[in-house]
Amino acid sequence: MEARPVDEIPEGSEWQYEPKWDGFRCILTRDGNAVAMLSKSGQDLSRYFPEIVSAALSLRAKNFVLDGELVVPVGGQFSFDDLLQRIHPAASRVKKLAEATPALYLAFDLLKEGTRELATELLSKRRGLLEKFADRQFPKAVLFRLSPASSQLKEAERWLMAAGGGSDGVIAKRLDLAYQAGNREGMQKIKKYRSADCVIGGFRYAEKRQAGRKVVGSVLLGLYNGDGLLHHVGFSSGIKARDKVSLTDKLEEVQQKQSFTGNAPGGPSRWSTKRSSEWTPVKPKYVVEVSYDHFTGERFRHGTSILRWRPDKRPSQCTMDQVKQKVARRFISDILTKT
């Protein structure tokens, strides 16, 4: 069941609202002693989250299918960086991480219980069945939680305003529809977009040439920390074709050997690729305001969009304090606290 991005929270009695978690979406199936955990792409995640498999096998229910989100709590919030660390080829590394920072499974839908198929039931009925299932099954299962839901628009607005630290928006679902597998008719997602002024610290050339020459494909963004070090925090690639030649000229004029003095693109990481190390440093001279949806682990979670150039701002004014997000402590605390 996929979500359609929209700009505003929909209103009406037909909608149910939920926090949008910044984790791995996961369909969890138990059939006797067998547990499968499927990602949105169909990959089995069970080998990366052995603690969730064990927790699922500890439930009294022997046959069920849940839809939910995998998250890793660290320091009172959910850490996507720690979640990413789980996708590791070494079983010994996965085992160590599972013991040090165990994941949680946040359940928000029940698609099967016993021999009863529930996906064809309306969400208004499925939610009630899920809550009863959670009441019976989750109290002793420390790694399973019921994800909150509300029919109140004001509650959804509070969740949206509090996005950060593991929550990056709101999900709205149609109460009057069955589970809409394979389409976006029954679910909408709303994110809170923010803006920040960033320094351009470098660029990457596009793979395709334009008018027979290399042109900029993306710009690399930086922010200064409290010690005055310029950290690479993300990129923006939505550059219009008509602007690429002039932008390339502009940035090539200020090339230099080094720009980022803190974290730099292409640093040692098992996530690095050959392409991630192919970039050109430039003098930290130009400032752009970018729009983004989430900032975590000292970088933008997704690509950003350039809103405008800021010749009125000094590069030194582009600091990390712009992107500090308040953690949604109230409802994340409720999730982490077993009652």
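Nothing here was measured: the structure is a model prediction, and the numbers come from that model.

Cut-offs applied
- Residues numbered from 1 in each chain as written.
- Predicted model: local features only at pLDDT ≥ 70, side-chain atom pairs only at ≥ 80, totals over all residues.
- Heavy atoms only, no water.
- Salt bridge = Lys/Arg side-chain N within 4 Å of Asp/Glu carboxyl O.
- Helix = DSSP H or I, 4+ residues; strand = E, 2+ residues; numbered from the N terminus.
- Buried < 20%, exposed > 50% of the residue type's maximum accessible area, 1.4 Å probe, protein only.
- Arc of directions from axis to C-beta.
- Contact = heavy atoms within 4.5 Å.
- Pairing = 2+ DSSP bridges.
- Axes fitted to C-alpha atoms, helices over the stretch in contact; angles between N-to-C directions.
- 1 Å grid on protein atoms, 1.4 Å probe; cavity = no way out; pocket = protein on both sides within 12 Å on 5 of 7 lines; lining within 4 Å.
- Points joined across faces, edges and corners; volume = space filled by probe spheres on them.
- Nonpolar A, V, L, I, M, F, W, Y, C, P; charged D, E, K, R; others polar.
- pLDDT = per-residue confidence, 0-100.
- Polar contact = N/O pair within 3.5 Å; in protein donor to acceptor, adjacent residues only side chain to side chain.
- Phe/Tyr/Trp six-rings, centres within 6.5 Å; stacked < 30°, edge-to-face > 60°.

A. A look at the pattern of salt bridges. Across all of its chains, the model carries 24 salt bridges by this definition. Close ionic contact of E185 with R4 constitutes a salt bridge, the shortest N to O distance being 3.1 Å. With E185 in the loop between β11 (167–174) and β12 (187–190) and R4 in strand β1 (residues 4–5), this pair connects stretches of sequence that are 181 residues apart. Judged by relative accessible area, E185 falls into the partly exposed class, the value being 45%. Here D312 ties to R310 by a salt bridge, and the two come within 2.7 Å at their closest N and O atoms. Among the ionic contacts, a cluster of salt bridges with common partners joins D197, R310, D312 and K313.

B. Looking closely at helix α3 (residues 91–100). Within α3 the residues assigned to the buried category are V94, L97 and A98. Viewed along the axis of α3, the buried residues span an arc of 105°, placing them on a single side of the element. Opposite its buried face, α3 presents the exposed residues S92, K96, E99 and A100, each directed more than 90 degrees away. The inward-facing, buried residues of α3 contact α1 (50–58).

C. Looking closely at the sheet that holds strand β2 (residues 15–21). Strand order in the open sheet made by the four strands is β1-β12-β11-β2, with mixed pairing throughout. Taken across any chain shown, the strands that pair with only one partner, and hence form the sheet edges, are β1 and β2. Against the sheet, helix α5 (residues 153–161) touches β2, β11 and β12, its axis set at about 15° to β2.

D. A look at the layout of surface pockets. Size it by volume and the second largest pocket reaches roughly 520 Å³. Considering the residues around the second largest pocket, the lining is formed by 28 residues, among which K20, G23, R25, K40 and E69 are closest to the centre. Broken down by secondary-structure element, the contributors of at least two residues to the lining of the second largest pocket are β2, β3 (24–31), β11 and β12. Taken together, the residues of the lining of the second largest pocket break down into ten nonpolar, five polar and 13 charged.

E. Molecular detail of the confidence of the model for the chain. Confidence in the prediction for the chain averages 91 pLDDT; 94% of positions are at 70 or higher. Scored below 50 in pLDDT, residues 267–274 shows nine contacts in the model against residues more than four places distant or in partner chains.

F. Spotlight on the pairing of strand β4 (residues 34–38). The side-chain alternation of β4 yields one buried face, formed by V35 and M37, and one unburied face, formed by A34, A36 and L38. Hairpin connection between β3 and β4: a loop of two residues separates the two successive antiparallel strands, and G32 in this loop has a positive phi of roughly 70°.

G. Here's a closer look at the side chain of H231. The topology assignment puts H231 in strand β15 (residues 230–236). Engagement of the side chain of H231 in a polar contact is seen with the side chain of N225, the distance being 3.0 Å. Beyond its immediate stretch of four places on either side in the chain, H231 contacts L221, G222, L223, N225, F260, G262, N263 and M320.

H. Layout of the packing of aromatic side chains. Evaluated as defined, the whole model comprises twelve aromatic pairs. Judged by centre distance (5.5 Å) and plane angle (50°), the ring pair of Y105 and F144 falls under tilted. Placement of the pair is Y105 in strand β8 (residues 104–113) and F144 in strand β10 (residues 144–146), with a sequence separation of 39 residues. Residues Y105 and F144 agree in their burial class; the two are buried.

I. Quick peek at the pairing of β2. Of all seven residues that make up β2, seven are buried, and the element is covered over most of its length. In the sheet, β2 pairs with β11 via six bridges, with the strands oriented antiparallel. Looking at β11, one finds that W21 is bridged to S167.

J. View of α1. When we look at burial in α1, the residues that qualify are E51, I52, V53, A55 and A56. Packing partners of the buried residues in α1 comprise β3, β4, β5 (63–71), α3, β8 and β10.

K. The side chain of S291, seen in detail. Tracing the backbone shows S291 in strand β17 (residues 287–292). Beyond its immediate chain neighbours, meaning those up to four positions away, S291 contacts Y193, R194, S195, T304, S305 and L307.

L. The arrangement of the environment of G186 in detail. Tracing the sequence through the fold places G186 in the loop between β11 and β12. Under the relative-accessibility criterion, G186 is labelled buried at 0%. Counting along the chain gives 183 residues from G186 to A3, while the straight-line C-alpha distance between them is 7.5 Å. When near neighbours in sequence (up to four residues on either side) are disregarded, G186 contacts M1, A172, K173, R174, L177 and Q180.

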